[in-house]
Amino acid sequence: NAGVTQTPKFQVLKTGQSMTLQCAQDMNHNSMYWYRQDPGMGLRLIYYSASEGTTDKGEVPNGYNVSRLNKREFSLRLESAAPSQTSVYFCASSVRPGTKMSQYFGPGTRLLVL
Amino acid sequence: SQQGEEDPQALSIQEGENATMNCSYKTSINNLQWYRQNSGRGLVHLILIRSNEREKHSGRLRVTLDTSKKSSSLLITASRAADTASYFCATAHSGSARQLTFGSGTQLTVLP
């Protein structure tokens with residue numbers, strides 16, 4: 001069991017470039033999440049997918065789009081990267097939606113936007 | 001903001017000592033969770049305590065919750081160098097069915 005995997009591990013972009021962050025989980029979880037983590041701050045939820053076929057905005061969705069490709073995969077797309085999107089991005093999953101259970105996190109993608 | 005706030009921001013102790021971290025929040029919760037993050041890694045769930053619970057144990061971890069003071073504490077007993085990490089509380093607020101709100105974390109350093 002690999003758990004939650006993310007690619008790439010590190011990426012440098014120029015302002016205005018686009019990219020997609022990939023996330024996959026092999027735990028048969030229904031719900032998946034994308035967070036960003038900035039220095040001195042806690043994780044902030046960007047988007048989540050309660051179940052396959054559904055996505056919803058979190059606290060900081062502007063500048064991002066997501067796709068729940070299938071039950072295993074949940075991707076995050078930056079259409080036109082901005083320096084303010086420099087951050088560490090974490091994908092997570094849970095058995096069911098909601099906050100009554102733990103979330104399992106991937107190792108993160110460090111993104112630098114110049 | 002509903003965000004939890006951890007205190008202290010940084011804590012340095014000797015191996016074998018106990019480490020206590022605190023989390024305060026502003027609005028009523030359904031549960032509170034503690035996570036650990038080793039440097040350069042993702043978060044790992046440690047323990048969940050429900051709003052109707054006052055104390056919970058898991059191995060060397062002891063979590064308390066005081067809903068009247070809107071605060072929680074995480075105690076790590078007999079700390080080890082491997083406990084060096086950042087610790088985050090995450091609150092599940094009443095009325096927010098699907099989102100956890102994370103605090104900014106406590107950086108714990110355990111010196112050998």
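This structure is a prediction, so every number in the text was calculated from the model and none was measured.

Moving on to the overall build of chain B. Looking only at helices and strands, chain B has zero helices and 11 strands in total. For a compact globule of 112 residues, the expected C-alpha radius of gyration is about 13 Å, and chain B comes in at 13 Å, within 12% of that figure. By the burial criterion, 44% of the 112 residues in chain B qualify as buried. Contacts spanning at least 24 positions in sequence make up 56% of the contacts within chain B whose residues lie at least 6 apart. Of the roughly 5200 Å² of accessible surface on chain B, a fraction of 44% belongs to carbon and sulfur atoms.

This paragraph deals with the pairing of strand E5 (residues 43-50) of chain B. Residue and element names in this part refer to chain B. As paired strands, strand E4 (residues 29-37) and E5 are joined by seven bridges and run antiparallel to one another. Residue Gln-37 lies in a different strand from E5, and its bridge partner there is Leu-43. Taken together, E4 and the strand that follows it, E5, pair antiparallel across an intervening segment of five residues, in which Gly-40 is found at a positive phi of about 75°.

Our next topic: the interface of chain B and chain A. The partner chain A presents 25 residues to the 21 residues of chain B that form the contact. Where chain B packs against chain A, one counts zero salt bridges. One can count two residue pairs in polar contact (both at pLDDT 80 or more) joining chain B with chain A. Per-element accounting of the side of chain B that touches chain A gives the leading share, four residues, to E4 of chain B.

Charged atoms that come close allow side chains of opposite charge to pair. Taken as a whole and judged by the stated rule, the model has six salt bridges over all chains. Salt bridges linked by common partners bring Arg-36, Asp-38 and Arg-44 of chain A together as one network.

So, about the state of the cysteines. Following the criterion strictly, the structure yields two disulfides over all chains and no others. Paired by a disulfide, Cys-23 of chain A and Cys-91 of chain A hold their sulfur atoms 1.9 Å apart. The disulfide joining Cys-23 of chain A to Cys-91 of chain A has a torsion of about -70° about its S-S bond and is therefore left-handed. Of the two residues, Cys-23 of chain A is situated in strand E3 (residues 19-25) and Cys-91 of chain A in strand E9 (residues 87-94); the sequence distance between them amounts to 68 residues. When sorted by exposure, Cys-23 of chain A lands in the same class as Cys-91 of chain A, which is buried. Between the sulfur atoms of Cys-23 of chain B and its disulfide mate Cys-89 of chain B the distance is 2.0 Å. The sign of the 65° torsion about the S-S bond sets the Cys-23 of chain B-Cys-89 of chain B disulfide as right-handed. On the criterion of sequence distance, the pair formed by Cys-23 of chain B in strand E3 (residues 19-24) and Cys-89 of chain B in strand E9 (residues 85-93) is long-range, its members being 66 residues apart. As far as burial versus exposure is concerned, Cys-23 of chain B and Cys-89 of chain B are alike and both buried.

Next up on the list: the sheet that holds strand E8 (residues 74-78) of chain A. All names here are of chain A. Taken in spatial order, the four strands of this open sheet run E1-E3-E8-E7, and their pairing is antiparallel. Each edge of the open sheet carries a strand with a single partner, namely strand E1 (4-7) and strand E7 (64-68). Neighbour-to-neighbour, the strand axes of the sheet open up by a mean angle of 20°, direction not taken into account. The pairing of E7 with E8 spans five bridges and is classified as antiparallel. By the bridge assignment, Asn-65 is partnered in E8 with Arg-77.

Going through the model one piece at a time under the given rule, you end up with eight aromatic pairs over all chains. The interplanar angle of 85° and the centroid separation of 5.7 Å between the aromatic rings of Phe-105 of chain A and Tyr-35 of chain B together place this pair among those described as edge-to-face. Separated into two different chains, Phe-105 of chain A in strand E10 (residues 104-105) and Tyr-35 of chain B in strand E4 make up a pair that spans both. The same class applies to Phe-105 of chain A as to Tyr-35 of chain B, namely buried. Three or more aromatic residues joined by ring pairs form one cluster here, namely Tyr-33, Tyr-35, Tyr-48 and Phe-105 of chain A together with Tyr-35 and Phe-102 of chain B.

Cut-off values and rules
- Residues numbered from 1 in each chain as written.
- Chains lettered and ligands numbered in written order.
- Predicted model: local features only at pLDDT ≥ 70, side-chain atom pairs only at ≥ 80, totals over all residues.
- Heavy atoms only, no water.
- Helix = DSSP H or I, 4+ residues; strand = E, 2+ residues; numbered from the N terminus.
- Rg over C-alpha atoms; globule rule 2.2 N^0.38 Å.
- Buried < 20%, exposed > 50% of the residue type's maximum accessible area, 1.4 Å probe, protein only.
- Contact = heavy atoms within 4.5 Å.
- Areas by Shrake-Rupley, 256 points an atom, 1.4 Å probe, with all protein chains shown as cover.
- Pairing = 2+ DSSP bridges.
- Salt bridge = Lys/Arg side-chain N within 4 Å of Asp/Glu carboxyl O.
- Polar contact = N/O pair within 3.5 Å; in protein donor to acceptor, adjacent residues only side chain to side chain.
- Disulfide = S-S within 2.5 Å.
- Axes fitted to C-alpha atoms, helices over the stretch in contact; angles between N-to-C directions.
- Phe/Tyr/Trp six-rings, centres within 6.5 Å; stacked < 30°, edge-to-face > 60°.

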